[in-house]
Amino acid sequence: MDEKMIFAFGGSFNPPHMGHTMAIQSMLDMGATRVHIFVRINDGVDLVDRETKIGWFNRMKEKYKDIGWDKVVIHEAVSNNVKGKQYSLATVRNGINMLHEQAGERITHYYAGDDYKKFKPFWRLIGGNVKLVIGARMDGLSSSEIRNNLDRRRYLLEPFVYEDLKKKEK
């Protein structure tokens with residue numbers, strides 16, 4: 001029997017961009033049975049309210065349903081104690097345990113950006129049997145770099161994400 005590949009992918013997605021979209025598609029192309037997206041909600045830090053942020057993912061899921069996104073499950077992960085890249089081995093280990101619980105099934109693969117390379121030597125201690133899959137940054141850009149120059153980087157955003165962010169600026 002084939003192993004179920006249950007992926008988890010979490011982040012602030014502030015804003016979600018084509019690099020995130022490509023990462024999700026990459027997991028599906030690897031044969032994911034399901035991809036759980038954990039969208040971190042940080043009140044006071046996020047560019048938009050939680051409804052808009054979760055709504056973006058639901059719109060993407062609908063837009064890409066014909067290429068496997070029916071296997072994508074969106075979760076809200078409220079995290080007022082983790083800002084940006086401030087996480088430790090303990091934070092990641094506790095997070096992995098929480099992901100199993102929130103997903104309602106055993107996560108087999110955790111997809112992360114290249115900032116997780118620092119955890120690779122310790123991953124068996126942190127993630128147990130969960131396999132770490134590290135993806136490269138698209139064009140070497142992060143959400144914060146895109147956020148800081150929206151007009152110049154708009155090609156990296158879904159049109160509805162860009163439009164919502166421009167409305168918010170006014």
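Predicted model only: the values in this text are computed from it and were never measured.

Reading guide: rules and limits
- Residues numbered from 1 in each chain as written.
- Predicted model: local features only at pLDDT ≥ 70, side-chain atom pairs only at ≥ 80, totals over all residues.
- Heavy atoms only, no water.
- Buried < 20%, exposed > 50% of the residue type's maximum accessible area, 1.4 Å probe, protein only.
- Helix = DSSP H or I, 4+ residues; strand = E, 2+ residues; numbered from the N terminus.
- Pairing = 2+ DSSP bridges.
- Phe/Tyr/Trp six-rings, centres within 6.5 Å; stacked < 30°, edge-to-face > 60°.
- Salt bridge = Lys/Arg side-chain N within 4 Å of Asp/Glu carboxyl O.
- Patch = residues over 30% accessible without salt bridge, like charges linked within 9 Å, V, L, I, M, F, W, Y side chains within 5 Å.
- Areas by Shrake-Rupley, 256 points an atom, 1.4 Å probe, with all protein chains shown as cover.
- Contact = heavy atoms within 4.5 Å.

### Digging into the pairing of strand 4 (residues 109-112)
Okay, so step 1: The alternating pattern of strand 4 places His109 and Tyr111 on one face and Tyr110 and Ala112 on the opposite face, and all of these are buried.
Okay, so step 2: Relative to strand 4, strand 1 (residues 6-11) is paired through three bridges, and the arrangement is parallel. Looking across to strand 4, one finds that Ala8 is bridged to Tyr110.

### A short note on the packing of aromatic side chains
Okay, so step 1: Scanning all chains against the criterion turns up seven aromatic pairs.
Okay, so step 2: A centroid spacing of 5.1 Å and a plane angle of 45 degrees characterise the contact between Tyr64 and Trp69, whose relative ring orientation is tilted.
Okay, so step 3: A relative accessible area of 1% places Trp69 in the buried class.

### Considering the side chain of Thr21
Okay, so step 1: Secondary-structure assignment places Thr21 in helix 1 (residues 18-29).
Okay, so step 2: The exposure class of Thr21 is buried, given its relative accessible area of 8%.

### Description of the pattern of salt bridges
Any two side chains of opposite charge can pair, given that their charged atoms come close.
Okay, so step 1: Inspection of the entire model under this criterion finds eight salt bridges.
Okay, so step 2: Lys167 is paired through a salt bridge with Asp164; the nearest N and O atoms lie 3.8 Å apart. On the criterion of helical spacing, the pair formed by Lys167 and Asp164 is a turn pair, its members being three residues apart in helix 6 (residues 159-169).

### Considerations on a nonpolar patch on the surface
Okay, so step 1: A surface patch of nonpolar side chains, about 310 Å² in accessible area, is lined by Leu89, Phe122 and Leu125.
Okay, so step 2: Within the fold, Phe122 resides in the loop between strand 4 and helix 4 (123-127).

### Structural notes on helix 6
An α-helix turns once every 3.6 residues. As a result, residues three or four positions apart point the same way.
Okay, so step 1: Within helix 6 the residues assigned to the buried category are Phe160, Val161, Tyr162, Asp164 and Leu165.
Okay, so step 2: Against helix 2 (50-63) lie the buried residues of helix 6.

The analysis is restricted to geometry; functional conclusions fall outside its scope.
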